[in-house]
Amino acid sequence: MGEGIFGRLKASLTKTRSSISDNLDRVFTGSTEIDEDFYEELEEQLIMADIGVAATSRIMDHLREQAAGEKITRREDCRELLIGDIREQMAMPPTAYVFLNGRTVIFVIGVNGAGKTTSVGKLAALFKKAGKKVLVAAADTYRAAATEQLVEWTKRADVPVITGAEGADPASVVYDAVHAAQARDIDMLIIDTAGRLHNKKNLMEELAKMNRIIDKELPFWNHENLIVLDGTTGQNGLTQAREFFDVAKLSGIILTKLDGTSKGGIAVAIVNELGIPVKYVGIGEGIDDMTPFDPDEYVRALFPTQE
Ligand SMILES: Nc1nc2c(ncn2[C@@H]2O[C@H](COP(=O)(O)OP(=O)(O)OP(=O)(O)O)[C@@H](O)[C@H]2O)c(=O)[nH]1
Ligand SMILES: [Mg+2]
């Protein structure tokens with residue numbers, strides 16, 4: 001499945017003439033020797049690819065340092081250094097997926113429209129297929145439509161869901177879900193939340209309250225807070241994500257809509273800026289359009305001619 005999905009990621013990253021891979025390749029094949037023009041051009045292309053100013057400047061500094069230290073003069077060799085650097089930065093911490101081995105509660109958080117509810121549905125399907133007992137909780141009680149949308153997804157994934165009335169306290173839904181999870185011997189409890197940042201104080205209090213319930217009721221469970229980021233919003237999405245760091249201890253990123261951007265470099269910017277790993281990527285609107293993030297596949301998709 002990974003190959004198929006990353007084949008599509010690769011296709012989407014190379015679909016336009018302005019794609020990162022085309023232009024990056026051009027930088028490396030223009031002439032054989034490294035010169036100042038080369039560095040400038042490369043820097044520009046990395047920023048164009050959504051890798052962001054901070055990550056680009058880190059990458060460029062490292063590249064210049066390495067090239068000087070290893071006395072590298074050929075652009076082609078520099079390309080290998082660049083690929084190695086990005087692969088290293090995107091490497092998964094060894095603990096990234098430890099939560100899959102035990103009972104886990106996952107909060108899915110993020111701004112409006114990022115793809116939270118869709119991602120909860122896809123994760124539920126993914127875990128169910130892996131043989132887990134999954135329960136979903138609809139803690140976005142602000143709109144009745146939000147619960148209806150999630151209920152649809154849980155039907156598709158064939159997993160049970162705990163809901164609350166419109167306007168109910170989200171923490172009460174979490175409380176009910178926690179008890180249902182214990183009674184039904186659940187492995188994975190996935191909680192969909194509302195995405196509003198206009199009232200940060202409320203959001204903070206609400207997330208804190210829900211987290212307290214988990215800490216009290218499920219102290220021995222793994223606890224993941226996954227933030228959903230829309231891959232098409234580029235650097236703006238990052239600014240919004242930073243706000244969530246103030247309100248929750250984030251353990252990973254779900255990067256959605258990678259099928260909708262030719263600038264896949266956003267994942268590099270995100271990891272560089274936020275310092276937490278991308279754990280899952282969304283690559284379409286269907287239930288099977290989610291996969292664990294694979295740094296090697298990702299780098300291969302960014303640099304397609306390097307196999
Ligand atoms: N192409 C594509 N569309 C996606 C992906 N993930 C989500 N979407 C779409 O993005 C839109 C918003 O998704 P939701 O899951 O409703 O987002 P949300 O974060 O729950 O939104 P709110 O509950 O309103 O805050 C929907 O139209 C989804 O189909 C993806 O990986 N690829
Ligand atoms: Mg939603």
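Since the structure is predicted, the reported quantities are computational estimates derived from the model, not experimental observations.

Draft legend 1. Molecular detail of the overall build of the chain. Counting its regular elements, the chain contains twelve helices and eight strands. Against the globule reference of 19 Å for 307 residues, the chain gives a C-alpha radius of gyration of 21 Å, in line with a compact fold. Each principal axis of the C-alpha distribution contributes one length, and for the chain these read about 65 × 40 × 35 Å. Buried positions account for 45% of the 307 residues belonging to the chain. Counting only contacts in the chain whose residues sit at least 6 apart along the sequence, the fraction spanning at least 24 positions is 76%.

Draft legend 2. Local environment of the site of ligand 1. Around ligand 1, the surrounding shell holds 21 residues, and the nearest of these are Gly115, Thr117, Thr118, Gly195 and Gly282. Tallied by class, the residues present in the shell around ligand 1 amount to four nonpolar, eleven polar and six charged.

Draft legend 3. Local environment of the environment of Ser172. Tracing the sequence through the fold places Ser172 in helix H8 (residues 170-183). Spatially, the C-alpha atoms of Ser172 and Met90 are 38 Å apart, while their sequence positions differ by 82 residues.

Draft legend 4. Representation of the pairing of strand E1 (residues 104-109) within the structure. Most of E1 sits out of view: six of its six residues are buried. Every second residue of E1 is oriented toward a common face, with Thr104, Ile106 and Val108 on one face and Val105, Phe107 and Ile109 on the other, all of them buried. Taken together, the five bridges between E1 and strand E4 (residues 188-192) define a ladder with parallel strand orientation. Paired with Val108 across the strands is Asp192, a residue of E4. The sheet contact formed by E1 and strand E5 (residues 222-230) spans six bridges and is parallel. Across the sheet, the residue bridging to Ile106 is Glu224, located in E5.

Draft legend 5. Spotlight on the packing of H8 against helix H9 (residues 200-217). Their axes nearest at 9 Å, the elements H8 and H9 cross at an angle of 20°. When the interaxial angle is binned, H8 and H9 end up roughly parallel. As H8 packs across H9, the resulting crossing turns out to be right-handed. Where H8 approaches H9, its residues Pro170, Ala171, Val174, Tyr175 and Val178 are matched on the opposing element by Glu206, Lys209, Met210, Ile213, Ile214 and Glu217. When the residues that make up the contact of H8 with H9 are grouped by side-chain class, the tally is eight nonpolar, no polar and three charged.

Draft legend 6. Representation of the domain arrangement of the chain within the structure. You can read the domains of the chain as domain 1 (2-90) and domain 2 (98-302). Computed from C-alpha atoms alone, the centre-to-centre distance between domain 1 and domain 2 is 31 Å.

Draft legend 7. Spatial organisation of unusual backbone geometry. The backbone phi angle of Lys71 is positive, close to 50°, even though this residue is not glycine. Structurally, Lys71 is set in the loop between helix H4 (53-69) and helix H5 (75-90). By C-beta crowding, Lys71 is classed as exposed, having 6 other C-beta atoms within 10 Å. Positive phi, close to 60°, is recorded for Lys257, a residue that is not glycine. Structurally, Lys257 can be placed in the loop between strand E6 (252-256) and helix H11 (266-274). The buried category is assigned to Lys257, around which 25 C-beta atoms lie within 10 Å.

Draft legend 8. Geometry of the nonpolar core. Core analysis: the biggest nonpolar cluster contains 87 residues, and Ala137, Ile190 and Ile191 have the highest contact counts within it. No other element matches the seven residues that H8 contributes to this core. Here this core gathers at least three residues from each of two domains, domain 1 (2-90) and domain 2 (98-302). Apart from the residues lying within four places of it in its own chain, the contact partners of Ile190 are Ile106, Val108, Val120, Leu123, Ala124, Val134 and Val136.

Calculation criteria
- Residues numbered from 1 in each chain as written.
- Chains lettered and ligands numbered in written order.
- Predicted model: local features only at pLDDT ≥ 70, side-chain atom pairs only at ≥ 80, totals over all residues.
- Helix = DSSP H or I, 4+ residues; strand = E, 2+ residues; numbered from the N terminus.
- Rg over C-alpha atoms; globule rule 2.2 N^0.38 Å.
- Buried ≥ 20, exposed ≤ 12 C-beta atoms within 10 Å, placed from the backbone.
- Contact = placed C-beta atoms within 7 Å.
- Near = placed C-beta within 6 Å.
- Nonpolar A, V, L, I, M, F, W, Y, C, P; charged D, E, K, R; others polar.
- Pairing = 2+ DSSP bridges.
- Axes fitted to C-alpha atoms, helices over the stretch in contact; angles between N-to-C directions.
- Parallel < 35°, antiparallel > 145°, perpendicular 65-115°, else oblique.
- Left-handed = near helix turned anticlockwise from the far one by under 90°.
- Domains from an automatic or database assignment.
- Core = buried A, V, L, I, M, F, W, Y, C linked by C-beta atoms within 7 Å.

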